[in-house]
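# Coordinate inspection notes
Listed below, chain by chain, are the residues.
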Amino acid sequence: MNHIRVWTVLLGTMIGMPALADEPAPANVTATSPSTASTDFDLFSKNTVSVLVDWRLAVANGATSFVNGGFGKTRLQGDGNGGFSTIFAPFEADVVWNPRFGKMFSANISGAWQRGHHDGFDLMEAFLNFLPDQSHRFRFSGRMGLMWPEISLEHSTGGAWSVVNTITPSVINSWVGEEVKVLGTEISVHTNLGDHDFGLTGGVFGWDDTSGTLLSFRGWALNDIKSTALGSFRLPPLNNFITLLQQHKTDNTIEIDHQPGWYARFDWHPPQPVDVALFYYDNRGNPQAFTAADQWGWRTRFWNLSVNVRLGRRTKLLAQGMTGSTIMGFPENGRNWVHTDFRSAYVLIVHDFGPLALTGRIEGFQTREHGSEMPPSNNEDGWAATVAARVPIDHYFTAFVEAMNVNSRRGTRVALDGLASPFESQAVFQISLRAKI
């Protein structure tokens, strides 16, 4: 029934009114004159429909991956005996439709099949954009539908929300891809004060009440699996108390308490080659609300600070830091059953050598448990280092090579999964061939 309601609400949202978009406009939006407005109406053409395929060769060690119900930190795992395993297979296939409805209105609609996301082909994003004339002092835009808020510095806007410089995003943006997709409306306004450009975005949304489930029960992870409209993520082993309450999966897109959440973003673009953005999110979830299928509401709030610095004509530094908390369940002796504080930060440097781009990233992550039914053994500490290369082959194909090492400690590996140690050091090597047709 929830799946039917998702599609009903989404369809009603999209046909009700177009909404504003903070994504960059296609070049012909502001340049087209009234006499050529008809050229901006494009439903089905080579410019509006594309297919993306990601095929990989991957080698990894490590314990059982979270996609298979374990506590592994990536979507890949070893051979079960502590050694490496190898896989050569398609990892993702996307269909993207970007129709245009005149000079001001467009849409982003995409569906995906993803390896390890056991829901088949499913809708990933579906939102309408509104981008009027941007020549005024105050420039408005916005969007409405099923979408990710603008948090990640690592993903491309529109399309299939793909990572630009690596195969695997940071733990921050991996989690955004899993649990911070919303069904809502946002409005943005930008203006200039001298040589400084300022932007303010506000959004109101629903259908993200389970956000925080993975961070508490599984912890952070590095993966490029993205949530879908009707999909779900499998959970790792749960303690005896939580097992009685929580379904052994968390739904991606669900409304439980029928009260809207909100987010806000402040952007600052000074005349120096630096961009700064501060983002706040509050889903206003009721931690005591639940469904008959044992899906719970979570009160999840976080701050995210992002910085984009151009160090030279060919070099960029990206950095993000996130801190927040998520709460679920009834209070017991003054504490809710689950109360997880989480934080993470990364620094990424990318340098272009002509068509070849090399990227290095270092990050740390942590969770702390304060709930009455989540002992300190659920606390998590970890760090990861990633090196990647992006090599464009031609107009249709791009190759990526990535090496990643993830080190983490989580006590539930011993208490709930029967492993010998709470520590794990995992190495992952991937070669990806991405095709866009």
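Residues numbered from 1 in each chain as written. Predicted model: local features only at pLDDT ≥ 70, side-chain atom pairs only at ≥ 80, totals over all residues. Heavy atoms only, no water.

Positive phi, close to 60 degrees, is recorded for tryptophan 207, a residue that is not glycine. Relative to the assigned elements, tryptophan 207 resides in the loop between strand 9 (196–206) and helix 4 (213–217). Under the relative-accessibility criterion, tryptophan 207 is labelled buried at 7%. Even without glycine at this site, aspartate 294 takes up a positive phi of about 65 degrees. (Helix = DSSP H or I, 4+ residues; strand = E, 2+ residues; numbered from the N terminus. Buried < 20%, exposed > 50% of the residue type's maximum accessible area, 1.4 Å probe, protein only.)

Turning our eyes to something else, we now look at the confidence of the model for the protein. Across the protein, pLDDT averages 91, with 91% of residues at or above 70. Confidence drops under pLDDT 50 across residues 10–38; counting only partners more than four residues distant or on other chains, this segment forms 64 contacts. (pLDDT = per-residue confidence, 0-100. Contact = heavy atoms within 4.5 Å.)

By the bridge criterion, nine bridges tie strand 2 (residues 49–60) to strand 20 (residues 423–436) in an arrangement that is antiparallel. Bridged to leucine 52 within strand 20 is lysine 436. Pairing between strand 19 (residues 397–410) and strand 20: 13 bridges, direction antiparallel. Residue pairing across strands places phenylalanine 397 opposite alanine 435, the latter belonging to strand 20. (Pairing = 2+ DSSP bridges.)

Another point: the pairing of strand 14 (residues 299–310). By the bridge criterion, nine bridges tie strand 13 (residues 274–282) to strand 14 in an arrangement that is antiparallel. Bridging from a neighbouring strand, tyrosine 280 pairs with tryptophan 303 of strand 14. Here strand 14 pairs with strand 15 (residues 315–332) via 12 bridges, running antiparallel. In the sheet register, arginine 299 faces strand 15, and the bridge partner there is isoleucine 327. Linking strand 14 to strand 15, which pair antiparallel, is a turn of four residues.

Counted according to the given criterion, the structure contains 23 aromatic pairs. Ring centres of phenylalanine 241 and tryptophan 337 lie 5.2 Å apart, and the angle between their planes is 80 degrees; this geometry places the pair in the edge-to-face category. With phenylalanine 241 in helix 5 (residues 240–243) and tryptophan 337 in strand 16 (residues 335–353), this residue pair connects regions lying 96 residues apart in the sequence. Tryptophan 337 sits in the buried class, given a relative accessible area of 11%. (Phe/Tyr/Trp six-rings, centres within 6.5 Å; stacked < 30°, edge-to-face > 60°.)

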